[in-house]
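The lines below spell out each chain.
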Amino acid sequence: MTDQTYQPTLSQLRAFVAIAEYRHFGTAAAHLNVSQPTLSQALASLENGLGLQLIERSTRRVLVTAAGKRLLPQAMATLEAADRFVATAAGDGLGGTVRMGIIPTVAPYVLPTLLPELRRRLPALVPHVIEDQTARLLDGLRTGVLDVAMMALPADASGMIEVPLYAEEFVLVTPIGHELAGRSDITPAVLGELPLLLLDEGHCLRDQTLDLCRSQDVRPGPVGDTRAASLTTVVQCVGGGLGVTLIPEMAVAAETSRGTLDIARFVTPAPGRTIGLVFRGSTARVEDYEQLAEIIRTQRPL
């Protein structure tokens, strides 16, 4: 039974959250810059004070118990509030560590301008960037591994706040000299006549492209067994004559700079997507993350 007079320390809560996040005592200790015995003692003191087992540890793996899963969001919210309190007292605004997930079709194009701007405007902020597919980013938000994530909206995830950042059009990338190259009046229906290269399964851009094809009741032409995990690989395949592909407007300058590709644009209204910042509705840092969203908007490299 929990002692109602017991007050956990922030160090104990940080130990619990780090172990729950990394599922490894050594990694959690290194993240917090403490020894593993110190970390274990902090967790033991927390569990003893609460009268609950939060972490189940065996020789092979570390698991979060049912009680741990129930209390983890509140522990995280407490630490977020404490970090914000210290940052506010220091007059630094948004500060501390922010674990930021970004989908692969956004990260390479926004980070070169965003990270320097964050250092300039928010010197107390320590961003940790995790690039991954949408489903895993949402899992990371739910479990507390991530604080925020940039992804295509709507995320349609329960308990999350979605802040739209910007909308961007899709552009058709073709081999140099293709019959559609340079046009700005194509319609999505043309995709049914083309060998369309797609990202591998799990990438939201793949799903968005297939949804666009379905909305036009078209089926793209076959491209064999070509599979790619990044936009860079896809456009290189296009340059090699294997097909065509759709990329977001943000990626055009970077991915077509080698001079081996042409582009074609869709007639208005062009198909596209909305990118947003997603975070837990339970967080104590809603205002901070809205501030972060506003900075990201100003750094959109278009």
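Residues numbered from 1 in each chain as written. Predicted model: local features only at pLDDT ≥ 70, side-chain atom pairs only at ≥ 80, totals over all residues. Heavy atoms only, no water.

Novice: Tell me what's going on with helix α7 (residues 204-215), and back it up with residues and numbers.
Specialist: The end-to-end C-alpha separation of α7 is 16 Å, in line with the 16 Å expected for 12 residues at 1.5 Å each. The set of residues buried in α7 consists of C204, L205, Q208, T209, L212 and C213. Its buried side turned inward, α7 meets α6 (134-143), β5 (148-153), β6 (160-175), α8 (231-239), β7 (245-248) and β9 (272-280). A positive backbone phi angle near 55° is found at D217, which sits one or two residues after α7. (Helix = DSSP H or I, 4+ residues; strand = E, 2+ residues; numbered from the N terminus. Expected span 1.5 Å × (residues − 1). Buried < 20%, exposed > 50% of the residue type's maximum accessible area, 1.4 Å probe, protein only. Contact = heavy atoms within 4.5 Å.)

Novice: I'd like a rundown of the packing of aromatic side chains, residues and numbers included.
Specialist: Here the structure, examined in full by the defined rule, presents one aromatic pair. Directly above the aromatic system of F25 lies the positively charged group of R57, at a separation of 3.9 Å from the ring centroid. (Phe/Tyr/Trp six-rings, centres within 6.5 Å; stacked < 30°, edge-to-face > 60°. Lys NZ or Arg CZ within 6 Å of the ring centre and 35° of its normal.)

Novice: Tell me what's going on with the environment of E47, and back it up with residues and numbers.
Specialist: Locating E47 in the fold gives a position in helix α3 (residues 36-50). Overall, the relative accessible area of 16% leaves E47 in the buried class. When sequence neighbours within four positions are dropped, the list of residues in contact with E47 reads L52, Q53, L54 and I55.

Novice: Break down the pattern of salt bridges for me, citing the residues and quoting the values.
Specialist: If you walk through the whole model with that rule in mind, you get 12 salt bridges. We note a salt bridge from R99 to E21, for which the minimum N-O separation is 2.4 Å. Of this pair, R99 sits in strand β3 (residues 96-102) while E21 sits in helix α1 (residues 10-22), and the two are 78 residues apart along the sequence. When sorted by exposure, R99 lands in the same class as E21, which is buried. A salt bridge links D147 to R99; the shortest N-O distance between them is 2.9 Å. Within this pair, whereas D147 is found in the loop between α6 and β5, its partner R99 is found in strand β3, the two being separated by 48 residues in sequence. Overall, D147 belongs to the buried group, its relative accessible area being 4%. What you see here is one network of salt bridges that share partners, running through E21, R99 and D147. (Salt bridge = Lys/Arg side-chain N within 4 Å of Asp/Glu carboxyl O.)

Novice: Any details on the packing of α1 against helix α2 (residues 25-32)? Residues and values, ideally.
Specialist: The N-to-C vectors of α1 and α2 enclose an angle of 130°; their axes lie 8 Å apart at closest approach. Judged by the inter-axis angle, α1 sits oblique to α2. Taken as a pair, α1 and α2 cross one another with a handedness that is right-handed. Taken together, the residues of α2 that come into contact with α1 (itself represented by R14, A15, A18, I19 and Y22) are F25, T27, A28, H31 and L32. A per-class count over the contact of α1 with α2 returns seven nonpolar, two polar and one charged. (Axes fitted to C-alpha atoms, helices over the stretch in contact; angles between N-to-C directions. Parallel < 35°, antiparallel > 145°, perpendicular 65-115°, else oblique. Left-handed = near helix turned anticlockwise from the far one by under 90°. Nonpolar A, V, L, I, M, F, W, Y, C, P; charged D, E, K, R; others polar.)

Novice: Describe the environment of A253, naming the residues involved and giving the relevant values.
Specialist: Looking at the secondary structure, you find A253 in helix α9 (residues 252-255). Judged by relative accessible area, which is 60%, A253 ranks as exposed.

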